Amino acid sequence: DAGITQSPRHKVTETGTPVTLRCHQTENHRYMYWYRQDPGHGLRLIHYSYGVKDTDKGEVSDGYSVSRSKTEDFLLTLESATSSQTSVYFCAISESRASGDNNEQFFGPGTRLTVL
Amino acid sequence: GEDVEQSLFLSVREGDSSVINCTYTDSSSTYLYWYKQEPGAGLQLLTYIFSNMDMKQDQRLTVLLNKKDKHLSLRIADTQTGDSAIYFCAESPPTGGFKTIFGAGTRLFVKA
């Protein structure tokens with residue numbers, strides 16, 4: 001299995017509080033992604049990173065920010081959590097060398113976040 | 001924009017074949033993927049097909065690609081109870097940077 005860990009694995013928080021989820025990889029892959037998984041929607045991309053300090057928005061980025069200060073760590077922050085952000089969050093990594101290459105992604109185990 | 005659609009549920013009997021279908025919108029996608037998600041876990045790549053191929057076989061798995069209809073299917077032969085999972089179809093549009101577009105997932109139930 002690819003070396004990807006997520007922390008915490010479970011979190012319950014209250015509306016309006018800040019929350020930070022961490023993704024850590026030991027594969028030295030360049031690309032990292034944050035997704036959320038909701039019933040009926042599959043996986044939706046929140047943000048992704050293509051290098052240290054290089055990030056871009058995905059399709060559902062509102063209310064989320066990310067940071068990548070080291071190759072191995074990608075942080076997802078909910079500045080002020082809302083109940084609509086209750087979801088399962090997955091981190092993924094990939095090592096594509098050029099656009100059009102096979103972009104196989106390796107996924108972490110997920111973080112279940114509940115916002116009350 | 002890009003979209004990937006698949007039916008949400010499929011139920012089969014153990015030993016039968018399962019066929020999971022998917023349609024996608026970006027005809028220029030170079031790679032199309034099938035991922036498997038077991039309960040409580042992240043997704044794992046099962047197989048992928050390059051867009052210039054019509055079929056790919058890997059043990060019990062057969063992937064068929066119909067580029068004209070933008071239709072992708074995954075056939076699992078001799079389906080086992082351990083195949084019960086959610087299966088995601090995905091595409092990597094060449095104009096989307098390194099992003100991958102996932103379908104909503106098909107939940108496969110295998111009855112003993």
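## Concerning the side chain of Asp73 of chain A
Okay, so step 1: Position of Asp73 of chain A among the secondary structure elements: in strand β8 (residues 73-78).
Okay, so step 2: Side-chain polar atoms of Asp73 of chain A contact the side chain of His24 of chain A, separated by 2.7 Å.

## Points about the interface of chain B and chain A
Okay, so step 1: The interface of chain B with chain A comprises 22 residues on the first partner and 25 residues on the second.
Okay, so step 2: Surface buried jointly by chain B and chain A totals about 1800 Å² across both partners, of which 56% is contributed by carbon and sulfur atoms.
Okay, so step 3: One can count zero salt bridges joining chain B with chain A.
Okay, so step 4: Along the contact surface separating chain B from chain A lie three residue pairs in polar contact (both at pLDDT 80 or more).
Okay, so step 5: For the side of chain B that touches chain A, the secondary structure elements donating two or more residues are β4 (31-37), β5 (43-50) and β9 (85-92) of chain B.
Okay, so step 6: Looking at the side of chain B that touches chain A, its residues break down into twelve nonpolar, nine polar and one charged.

## Considerations on the state of the cysteines
All names here are of chain B.
Okay, so step 1: Within the structure shown, the criterion is met by two disulfides over all chains.
Okay, so step 2: Note on cysteine connectivity: Cys22 is disulfide-linked to Cys89, with sulfurs 1.9 Å apart. Classification of the bridge connecting Cys22 and Cys89 rests on its S-S torsion, roughly -65°, and on that basis the disulfide is left-handed. Placement of Cys22 in strand β3 (residues 18-24) and of Cys89 in strand β9 is noted, with a sequence separation of 67 residues between them.

## What about the side chain of Ser92 of chain B?
Residues and elements named next belong to chain B.
Okay, so step 1: Within the element layout of this structure, Ser92 appears in strand β9.
Okay, so step 2: Among the residues examined, Ser92 registers a relative accessible area of 6% and is labelled buried.
Okay, so step 3: There is a polar contact of 3.3 Å between the side chain of Ser92 and the side chain of Tyr33.
Okay, so step 4: At 3.2 Å, the side chain of Ser92 forms a polar contact with the side chain of Thr100.

## Some points on the sheet that holds strand β7 (residues 61-66) of chain B
Residue and element names in this part refer to chain B.
Okay, so step 1: With respect to topology, five strands assemble into an open sheet ordered β1-β3-β8-β7-β6, the strand pairing being antiparallel. Pairing within the sheet leaves two strands with one partner each, and these edge strands are β1 (4-6) and β6 (55-58). Neighbour to neighbour, the strand axes of the sheet diverge by 15° on average, direction disregarded.
Okay, so step 2: Sheet analysis places β3 next to strand β8 (residues 71-76), joined by six bridges and oriented antiparallel. Each bridged residue has a counterpart across the sheet, and for Thr23 the counterpart in β8 is His71.

## Overview of the pattern of salt bridges
In a structure, side chains of opposite charge can pair up when their charged atoms sit close to one another.
Residues and elements named next belong to chain A.
Okay, so step 1: Summed over all chains, the structure comprises seven salt bridges over all chains.
Okay, so step 2: As a salt-bridge pair, Asp38 and Arg36 come within 2.8 Å of each other at their nearest N and O atoms.
Okay, so step 3: Its relative accessible area of 8% is what places Arg36 among the buried residues.
Okay, so step 4: Residues Lys70 and Asp73 are paired through a salt bridge, measuring 3.4 Å at the closest nitrogen-oxygen approach.
Okay, so step 5: Taking the relative accessible area as the measure of exposure, Lys70 reaches 42% and is therefore partly exposed.
Okay, so step 6: Overall, the relative accessible area of 7% leaves Asp73 in the buried class.

Reading the values: the criteria
Per-chain numbering applies: the sequence of each chain, read as written, is numbered from 1 onward. For naming, the first written chain is A and the first written ligand is 1, with later ones following in the order written. Where totals are concerned, whole chains, interfaces and linings use all residues; where local detail is concerned, this predicted model gives features only for residues with pLDDT of at least 70, and gives and counts side-chain atom pairs only at 80 or more. Water and hydrogen atoms were dropped before computing side-chain values, which therefore reflect all heavy atoms in the structure. Strands are runs of DSSP state E lasting at least two residues, helices are runs of H or I lasting at least four, and both sets are numbered from the N terminus onward. The definition of a polar contact used here is a pair of N or O atoms within 3.5 Å, where within protein one atom must be able to donate a hydrogen and the other to accept one, and adjacent residues in sequence count solely through side-chain atom pairs. In this analysis, two residues are considered to be in contact whenever any of their non-hydrogen atoms come within 4.5 Å of each other. Summed over both partners, the accessible area (1.4 Å probe) lost when two parts come together is defined as the buried area. Put simply, a salt bridge is a Lys or Arg side-chain nitrogen that is within 4 Å of an Asp or Glu carboxyl oxygen. Gly is put with the polar residues, along with every residue not named as nonpolar or charged; the nonpolar set is Ala, Val, Leu, Ile, Met, Phe, Trp, Tyr, Cys and Pro, and the charged set is Asp, Glu, Lys and Arg. We call a pair of cysteine sulfur atoms a disulfide whenever their separation is within 2.5 Å. Each residue is placed in one exposure class: buried if its accessible area under a 1.4 Å probe, protein chains only, is under 20% of its type's maximum, exposed if it is over 50%, and partly exposed if it falls in between. The pairing criterion for strands is at least two bridges between them, as found by DSSP. Between N-to-C directions, angles span 0 to 180 degrees; the directions come from axes that are lines fitted to C-alpha atoms, helices contributing only their stretch in contact.

Keep in mind these numbers describe shape, not what the thing actually does.
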